[in-house]
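# Residue-level structure breakdown
Below, each chain spelled out in residue letters.
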Amino acid sequence: MLEDYNSRTKKSKALWKRAVTLFPGGVSHNIRDFGMPSCGSYPPYISRGQGGHIWDVDGNEYIDWWMTHYSLILGHNDPVVKKAISDQVEAGHHFRIPNEPQVKYGEQLKEVVPLLEKMRFTATGSESTMYAVRLARLFTKRKLIGKTLGGWHGGNDALTYHMGHPYSDAPFYNGVSFDYNNRESLDEMLKKHGKDLAGIIVEPVIGAGGGIPPEDDFLVYLREETASRDILLIFDEIITGFRFRFGTAGDKLFGAEPDLLTLGKAAAGGMPLGVYGGREDVMALAAAGAEGGRWVGGGTFSSHPLTMAAGLAVLKRLREKKKEYVRLNKMGDSFRERLNEMLQEMNAPLTGTGYGSITFVSHLTKVLEGPLKTPGQLGALFDHDKQDIFQGYLMQEGVFGYHGLGALSFTHSEEDVEKTLAGISNAVRNMTC
Ligand SMILES: Cc1ncc(COP(=O)(O)O)c(C=O)c1O
């Protein structure tokens, strides 16, 4: 099926053969096979990136939409970020003792995101959502956590459930879920469990669960309903933070302020980072010896100097580009509009969702009438096998992505957008012939 791709990626094939003998499923993150084994193939092994493009070990070039799981809003190899990292390497790359860049980065984050009255840094987003949830439990003295169907908050035990259709996996412990944008589903969960819920965690724009922005002031409603029941509201802004504007999205774009929030990805331009923070009275429970607290925090690599240095450089660069977010968001919005027009003309059972620079393309079991509005709706219609095949064909077209595509960076060009549209058109045609 992917004859052309397979014949051009011999070195990747050899590496994949070795990898499957070492790692379960051949990878250290389940999605990093990019669905290629379902196409009888393997993922490309990437050796270099520049701007919005990457090259594999065989020298093939791809337009990169994956952008390190949406982290690289400045593109691969940004010179300012690169220099900040190498300057810090010269000074010593990790001490595991407090360092100055940590304080500077914290000060600057707080200036941009005043909701972070107090914060902590981790090495991953998964840790930061885990600690945010732990703090909600400690603060409210309740055990249960709510999340959205399809919501991916990292691989920690507290939140790794109900991510994929049919959302039937049992939570490891004390978890329930509801369908985003669906007030009835939220009301039902609150009616059943409202008294026991410590916190509800949501991404302002659902990421892995389908690229779904809030509709009809859903976040405002969620804020009101959680506040009236003393349930802590946690916004997971690990994808959305610094993605659509210089700062967070939930409060400024969608009108609702959380009690706690998490950041990661774009906030440190590709270096390993998680941030959790928010209300001072809640965060106080993280301090050693705090009354009513338990152990919150840790991590040999938390507030790593290289990450802190990169984060400072990212904030400097993004501050300079503050106004350019408008252009980037428009580029994504108009791309999605044209994409959906094209898919409709082709009568293809695929749909593009997203917000601003983020676009997901989902292969469904039937042609959809009207827009996709909730992760529950996506779960019921998602065609896993065809999705993998679609992505395999996209790879053959030189377009690299997951969840059907990914995110634009400030370095992507209009030409990249045109080539992606042509690539998608070819991929859909190749699938049906
Ligand atoms: C919304 C969201 N939260 C949390 C995480 C987990 O972050 P990490 O992969 O850094 O552990 C991710 C990662 O994809 C994410 O998209």
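Worth saying up front: this structure is predicted, and the values here are computed from it rather than measured. (Residues numbered from 1 in each chain as written. Predicted model: local features only at pLDDT ≥ 70, side-chain atom pairs only at ≥ 80, totals over all residues. Heavy atoms only, no water.)

The subject of this paragraph is helix α11 (residues 324-345). Over its 22 residues, α11 extends 32 Å from the first C-alpha to the last, a length consistent with the 32 Å expected when each residue adds 1.5 Å. Those residues of α11 that fall on the buried side of the exposure criterion are Tyr325, Leu328, Asn329, Met331, Gly332, Phe335, Arg336, Leu339, Met342 and Leu343. Projection of α11 onto a plane perpendicular to its axis shows the buried side chains occupying an angular sector of 155°, all on one side. Turned more than 90 degrees from where α11 packs its buried face, Val326, Lys330, Glu337, Gln344 and Glu345 sit exposed. Those residues of α11 hidden inside the fold are in contact with α10 (305-320), β11 (350-355), β12 (358-363) and α14 (414-432). Of the residues one or two after α11, Asn347 is the one with positive phi, at around 55°. (Helix = DSSP H or I, 4+ residues; strand = E, 2+ residues; numbered from the N terminus. Expected span 1.5 Å × (residues − 1). Buried < 20%, exposed > 50% of the residue type's maximum accessible area, 1.4 Å probe, protein only. Arc of directions from axis to C-beta. Contact = heavy atoms within 4.5 Å.)

Looking now at the sheet that holds strand β5 (residues 144-148). Taken in spatial order, the 7 strands line up as β4-β10-β9-β8-β7-β5-β6 in an open sheet, and their pairing is mixed. Every other strand in the sheet has two partners, leaving β4 (118-122) and β6 (175-178) as the edge strands with one partner each. The sheet shows a mean angle of 20° between the axes of neighbouring strands, taken without regard to direction. Pairing of β5 with strand β7 (residues 197-202) involves 4 bridges; the strand directions are parallel. Bridge pairing in β7 links Leu144 to Leu197. Packing against the sheet, helix α5 (residues 100-112) makes contact with β4, β9 (260-264) and β10 (274-278), and its axis sits at approximately 130° to β4. (Pairing = 2+ DSSP bridges. Axes fitted to C-alpha atoms, helices over the stretch in contact; angles between N-to-C directions.)

With that out of the way, let us pick up the confidence of the model for the chain. Per-residue confidence for the chain gives a mean pLDDT of 96; residues scoring 70 or more make up 100%. Looking at the elements of the chain, mean pLDDT is at its lowest for helix α1 (residues 3-8), recorded as 92, and at its highest for strand β8 (residues 232-236), recorded as 99. (pLDDT = per-residue confidence, 0-100.)

What follows covers the packing of helix α4 (residues 79-91) against α10. Where α4 contacts α10, the axes come no closer than 8 Å and their chain directions differ by 150°. The angle between α4 and α10 places the two elements in the roughly antiparallel class. Relative to α10, the crossing made by α4 is right-handed. On the side of α4, the interface is formed by Val80, Val81, Ala84, Ile85, Gln88 and Val89, while α10 contributes Pro305, Leu306, Ala309, Ala310, Ala313, Val314 and Arg317. Per-class residue counts for the contact of α4 with α10 are 11 nonpolar, 1 polar and 1 charged. (Parallel < 35°, antiparallel > 145°, perpendicular 65-115°, else oblique. Left-handed = near helix turned anticlockwise from the far one by under 90°. Nonpolar A, V, L, I, M, F, W, Y, C, P; charged D, E, K, R; others polar.)

By nearness alone, every residue bordering the ligand is listed as Thr124, Gly125, Ser126, Trp152, His153, Gly154, Glu203, Asp236, Ile238, Ile239 and Lys265. In this structure, Gly125 approaches the ligand through a main-chain N or O atom, which is 2.8 Å from an oxygen atom. Trp152 places a side-chain nitrogen or oxygen 3.2 Å from an oxygen atom of the ligand. Out of a free accessible area of 390 Å², the ligand has 84% covered by protein chains. When the residues that make up the shell around the ligand are grouped by side-chain class, the tally is 3 nonpolar, 5 polar and 3 charged. (Near = heavy atom within 4 Å. Polar contact = N/O pair within 3.5 Å; in protein donor to acceptor, adjacent residues only side chain to side chain. Areas by Shrake-Rupley, 256 points an atom, 1.4 Å probe, with all protein chains shown as cover.)

A separate point is the sheet that holds β12. The strand order across the open sheet built from 3 strands is β11-β12-β14, with neighbouring strands paired in antiparallel fashion. The two strands at the open ends of the sheet, each matched to only one other strand, are β11 and β14 (406-407). In this structure, β12 lies alongside β14, joined through 2 bridges in antiparallel fashion. Bridge pairing links Ile358 to Ala407 in β14. Along the sheet, α11 contacts β11 and β12; its crossing angle with β11, the most-contacted strand, is approximately 165°. Of the strands in this sheet, β11 and β12 touch helix α13 (residues 384-396), which is tilted by about 125° from β12.

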